Amino acid sequence: MFGLKLTAPAGILLAALLLVPTVLTVLYSVHDVPANGRSLGPFVGLENYTIVLSSNVFWRSAWVTSLFSIGFVIFSTLIGLAMAILLNQRFVGRGLARAMLIIPWATPWLVIGILWKWYADGSVGGLNAILLKLGIISDYHDFLSDPNSALALTVVAAVWRQASFAGILLLAGLQTLPDDLNEAASLDGANLWQRFTNITIPWLRPALITVTVLNIIYAFLQFDVIFAMTQGGPGDATQVLSILIYRQLFGVTQIGLGSALAVILGVIALVGGLLTVKILYRAERTHG
Amino acid sequence: MKTTDSAGKRGTGGLDRRAFLKAGGATALATIMAPAFAGRAQAAYSGTLDMLAWDFQPDTIKTLVAEWTAKGNPAVNVAVIPNLGYSPALQTRLRGGDAIDLYYNFAYNSQKFIDQGWAAKLNGLPGVDDMVADMFESARAAHVNAAGDIISAPYFSAVHMMHYNDRMLKEAGIAAAPQTLKEVYDASKILKDKKIVESPYVAYWVKEFCEEYLHTYLLNEGITAFDTAGKPVFADDAKTEGVFEWWQTMYQEGLAPKSVLSDDPGKLSNQMAQGDAAFFVLHHYFLSSIRSLGGKESANVMQGPIGGANHTFQIGEVLQLGEIGDEERRNAAWDLMKFYGWKDSAGKFTVFNQWAKAAGLAAPYPGFFKDPDVIAAFPDYYDLPLISKTFETGSKVVPARTLPWYPDFQAKVGDVVHALLLGQATPKKTVEDLTAAANSAQKGRSL
């Protein structure tokens, strides 16, 4: 009873911040809620879900969200891992490099989006200047107006921030790896790759699971960077589900439809996260 | 002029002719000035009014409002939020129960806001009929709905015009500014082929703005996209497909830069000012931006009508009055609205004159263009009679834009038009998709 009392404030806070909005969203999703929100409006059952699931706009957006998420999760995890391994080595300026790792992570998503929009600008952006100098492109190109490159560029911008977050978590994991494990393996003749796959990765597996699950959730819920860079365009090339939800809820105030979309996205993110945990933990148990 | 209050009643007994005439003159004067005095008489409200605006020259907004307060009116708390995302922010505030007395709004949202109980009809408010009567006939449908309800007052108005670089045209051997779609295409080809400018034509083709261009170019071809009941009739006219063919060709052939799908108008103005573009279709007041940028080509940029017929789209964003229960407060807010969206207590276009000076914005009142102060406020490079004539007879507001389902259609146009420009849809498919978007918006819930 005493313990319950002690945890009550936190419980109430969690309920207010998570439970109430969740219940309200589910409730809205089965009503035709008027824009002014003065009533729930008529109960429509699963009609909003039917409208959403039978719409090409939804499926196209779900496809774009999947592409974005796959790129985001893979690259932010891998680059984060590479940065963590690099910063775990001894070299001059390591302290400064570790401090710099925090900078992208400390920058708000929206600011990252604005920065990258300018950086990728087709007339004055620095990205074009660098690619031109490297001989990768022959002329300035407007990447954000090109449906083939806009999504990729939003992934790059989001990864730029998220990789540093992954790097920080994985670096913390690497620092707990005893040096004598690698030394013993070296003495036994294991090369760098063998040590990486048989010692480093298994050791980091718990941290990697955490990082991957967080990255999946961040990927599905990503909004700020994409909105700042493209607002979902050109056309619907970068219209991920979160932008579609924003448009429905706040642009055209179709509260019921927007809520149904939000519930669907929530379920996708939840299932995606749970599946990842299950797969990765099973792999951990298999590898012992 | 319709008035509300007369100056107090007096008995007429015992008056001589002179006294009667004096009293009659005073009454006539009071009648003429009544809207002005009425405002102050009704502004018995002693609290503070709340006004919400987007962030175009916020200091000017505050100065103008302070000017109104200084005349013995209530203080006004002006909140300013960014233009980008203004509509979602405003709706979220109102949905959350924020009571805003007067706010800027996009015209296409105005009827929806009335229907949701977020904005009040202006019917019967003192002087409101005079305000409407004072407008260009072409502008009235933006503020008066099909049922005759007055739903908004103007914040500013503009007409879409063609901006062109006169020097470049002369260099290319083009004698007169092109007007029809074919003329603009041909001129753009010549300018590009002669390497005078790489991508001669720019338009503000971001998703949110495609709907305005839809009306601009359809009107230019003599097509009003929707009938008064809101039926999408653009599909019935073969010229609609022709407009879309032209858009797609301009973009696909590189006559417009690829970046126009995401460029903001500031960048487009700068391209005109620096000589990176030769044609720019947008609101007339963008000539001020282009000239004031002081680029190497700024002084060579001129303004002319779009299309030979000089039929273009008249736009304007609006002011709406919140649903205010307190009568004194409502009257005070309405007085502020009149000042901000029509005339001041002396019958002058004080606010509009300031916007004309600041940015070349216009007002949908014929009197605005005849006001010597306004004429003086517009820089010499504007052809004010042309703009006035365009308001009067050369432009339309498309009344369907204020219908309650319209914001849903507006939100869908960008995706469809971008697909066309990117070559992902044919002009024919674009007509079908836009018709479907209009129909589904009218039906209600749809993505």
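Per chain, residues are indexed from 1 in the order of the written sequence. Written order decides the labels, with chains lettered from A and ligands numbered from 1. Local features in this predicted model are restricted to residues whose pLDDT is 70 or higher, and side-chain atom pairs enter the listing and the counts only when it is 80 or higher, whereas totals over whole chains, interfaces and linings include all residues. Side-chain measures were taken over the full set of non-hydrogen atoms in the model, leaving aside hydrogen atoms and water.

**Looking at the pairing of strand β3 (residues 102–105) of chain B**
All names here are of chain B. To keep it simple, the criterion reads: The classification of residues rests on relative accessible area computed with a 1.4 Å probe and restricted to protein chains. Under 20% of the type maximum is buried, over 50% is exposed, and intermediate values are partly exposed. Numbering of helices and strands runs from the N terminus, with a helix taken as a DSSP run of H or I at least four residues long and a strand as a DSSP run of E at least two residues long. Pairing between two strands is assigned when DSSP locates at least 2 bridges connecting them.
The alternating pattern of β3 places L102 and Y104 on one face and Y103 and N105 on the opposite face, and all of these are buried. As paired strands, strand β1 (residues 49–54) and β3 are joined by two bridges and run parallel to one another. Bridging across to β3, M51 finds its partner in L102. Bridge analysis of β3 against strand β8 (residues 312–321) gives four bridges, and the strand direction is antiparallel. In the sheet register, N105 faces β8, and the bridge partner there is V318.

**Things to note about empty space enclosed by the protein**
Residue and element names in this part refer to chain B. The following threshold applies: Think of a 1 Å grid over just the protein atoms. A cavity is a set of points where a 1.4 Å probe fits yet cannot get out, a pocket is an open set with protein on both sides within 12 Å along at least five of seven lines, and lining residues have an atom within 4 Å of a point. Grid points are joined across faces, edges and corners, and a volume is the space filled by probe spheres set on the points. Residues are sorted three ways: Asp, Glu, Lys and Arg are charged, Ala, Val, Leu, Ile, Met, Phe, Trp, Tyr, Cys and Pro are nonpolar, and all the rest, Gly among them, are polar.
Summed over the entire model, instances satisfying the criterion amount to two cavities of 30 Å³ or more. Taken as a whole, the largest cavity encloses approximately 130 Å³ of empty space. Lining the largest cavity are 15 residues, and of these A107, A142, Q314, G316 and V397 sit closest to its centre. Here the lining of the largest cavity takes four residues from β8, the largest share from any one element. The residue makeup of the lining of the largest cavity, split by class, is nine nonpolar, five polar and one charged.

**As for the interface of chain B and chain A**
This is how the line gets drawn: Throughout, a contact is declared for two residues whenever any of their heavy atoms are within 4.5 Å. Two parts placed together each lose some accessible area under a 1.4 Å probe, and adding up what both lose gives the buried area. Whenever a carboxyl oxygen of Asp or Glu lies within 4 Å of a side-chain nitrogen of Lys or Arg, that contact is scored as a salt bridge. Any pair of N or O atoms that falls within 3.5 Å is considered a polar contact. Within protein, one atom must be able to donate a hydrogen and the other to accept it, and sequence-neighbouring residues count only if both atoms are side-chain atoms.
Contacts between the two partners involve 31 residues from chain B and, on the opposite side, 41 residues from chain A. Counting the surface lost from both chain B and chain A, the interface buries some 2,800 Å², and carbon and sulfur atoms represent 47% of this. Across the contact surface, chain B and chain A share four salt bridges. Summed over the shared surface of chain B and chain A, the number is 21 residue pairs in polar contact (both at pLDDT 80 or more). When its residues are assigned to classes, the side of chain B that touches chain A shows nine nonpolar, 12 polar and 10 charged.

**Concerning the packing of aromatic side chains**
Note the following rule: Any Phe, Tyr or Trp ring, taking Trp's six-membered ring, that has another such ring centre within 6.5 Å forms a pair; planes under 30 degrees apart are called stacked, those over 60 apart edge-to-face, and the others tilted. Charge over a ring is defined by NZ of Lys or CZ of Arg lying within 6 Å of the ring centre and within 35 degrees of the ring normal.
For the structure shown, the criterion picks out 57 aromatic pairs over all chains. Where F209(B) meets Y213(B), the ring centres are 5.6 Å apart and the plane angle is 75°; that geometry is what we call edge-to-face. Comparing F209(B) with Y213(B) shows no difference in burial state: the two are buried. Ring centres of F368(B) and F369(B) lie 5.0 Å apart, and the angle between their planes is 90°; this geometry places the pair in the edge-to-face category. The two residues F368(B) and F369(B) agree in class, both being buried. The cationic tip of R161(A) hangs over the ring face of W109(A); the distance from NZ or CZ to the ring centre is 4.4 Å. The ring of Y28(A) has R95(B) sitting right over it, with the charged end atom 5.7 Å from the ring centre.

**Some remarks on unusual backbone geometry**
A cis amide bond, omega -5°, links G233(A) with the succeeding residue P234(A). Notably, Q231(A) is not glycine yet its phi reads approximately 55°, a positive angle. Here Q231(A) is to be found in the loop between α10 (224–229) and α11 (241–251). Positive phi outside glycine occurs at K195(B), with the angle close to 60°. Mapping K195(B) onto the fold places it in the loop between α8 (181–193) and β5 (201–203).

**Observations concerning the packing of helix α3 (residues 56–87) of chain A against helix α7 (residues 150–174) of chain A**
Residues and elements named next belong to chain A. The criterion, for reference: Note on geometry: axes are lines fitted to C-alpha atoms, helical ones only across the stretch in contact, with angles between N-to-C directions running from 0 to 180 degrees. With respect to orientation, any angle under 35 degrees is reported as roughly parallel, any angle over 145 as roughly antiparallel, any angle of 65 to 115 as roughly perpendicular, and every other angle as oblique. Crossing handedness follows the turn of the near helix against the far one: under a right angle anticlockwise gives a left-handed crossing, and clockwise gives a right-handed one.
For the pair α3 and α7, interaxial distance at closest approach is 6 Å and the crossing angle is 40°. Judged on the interaxial angle alone, α7 and α3 are oblique. For the pair α3 and α7, the crossing hand works out as right-handed. The residue makeup of the contact of α3 with α7, split by class, is 20 nonpolar, eight polar and no charged.

**Considering helix α14 (residues 350–359) of chain B**
Residues and elements named next belong to chain B. With seven of its 10 residues buried, α14 lies for the most part within the structure. Among the residues making up α14, those that are buried are T350, V351, F352, N353, W355, A356 and A359. Phi turns positive, to about 75°, at G360, one or two residues after α14.

**Side note on the pairing of β1(B)**
Residue and element names in this part refer to chain B. Inclusion rule: Handedness is read with the strands pointing away from the viewer; a crossover is right-handed when the path from the first strand over the helix to the second is clockwise.
Along β1, five of the six residues are buried, which leaves the element largely enclosed by surrounding structure. As judged from the six bridges shared by β1 and strand β2 (residues 76–81), these two strands associate in the parallel manner. Looking across to β2, one finds that L49 is bridged to V76. Traced from β1 through helix α2 (residues 58–70) to β2, the parallel crossover comes out right-handed.

**Regarding the domain arrangement of chain B**
All names here are of chain B. We count it as follows: For the purposes of this description, domain bounds are those given by an automatic or database domain assignment.
Its domain assignment divides chain B into domain 1 (41–157 + 315–391) and domain 2 (159–313 + 399–443). Buried surface at the junction of domain 1 and domain 2, both sides included, amounts to about 2,100 Å², of which 66% is carbon and sulfur. Taken as a group, Y108, I315 and Y381 account for 36% of the area that domain 1 buries against domain 2, more than any other trio of residues on that side. Taken together, domain 1 and domain 2 are joined by zero salt bridges. Counting across the domain 1 and domain 2 interface gives three residue pairs in polar contact (both at pLDDT 80 or more). Only α4 (110–115), β4 (153–165), β8 and α17 (384–393) provide two or more residues apiece to the side of domain 1 that touches domain 2. By residue class, the composition of the side of domain 1 that touches domain 2 is 15 nonpolar, six polar and three charged.

**Description of α8(B)**
Every α-helix carries 3.6 residues per turn, so stepping three or four residues along brings you back to the same face. Residue and element names in this part refer to chain B. Note the threshold: Expected helix span is taken as 1.5 Å per residue step, with the number of steps being one fewer than the number of residues. The arc in question is the one spanned by the directions pointing from the helix axis to the C-beta atoms.
When the terminal C-alpha atoms of α8 are compared, their 18 Å separation across 13 residues agrees well with the 18 Å that a helix rising 1.5 Å per residue should span. Looking only at α8, the buried set comprises L181, V184, Y185, A187, S188 and L191. Relative to the axis of α8, the buried residues are bounded by an arc of 170° and lie together on one face. Facing away from the buried side of α8 by more than 90 degrees, the exposed set consists of K182 and D193.

**Points about the pattern of salt bridges**
Across all of its chains, the model carries 27 salt bridges over all chains by this definition. Among the salt bridges present, the one from R93(B) reaches D98(B), with a minimum N-O distance of 3.8 Å. Classification of D98(B) as partly exposed rests on a relative accessible area of 34%. Taken together, the shared-partner salt bridges connect D32(A), E47(A) and R445(B) into one network.

**A short note on the confidence of the model for chain A**
Worth spelling out the cut-off: Confidence of the prediction at every residue is given by pLDDT, a number between 0 and 100.
Looking at chain A, the pLDDT average stands at 92 and 98% of residues meet or exceed 70. Within chain A, the element-level pLDDT minimum falls on helix α12 (residues 255–287) of chain A, averaging 86, and the maximum on helix α2 (residues 47–53) of chain A, averaging 96.

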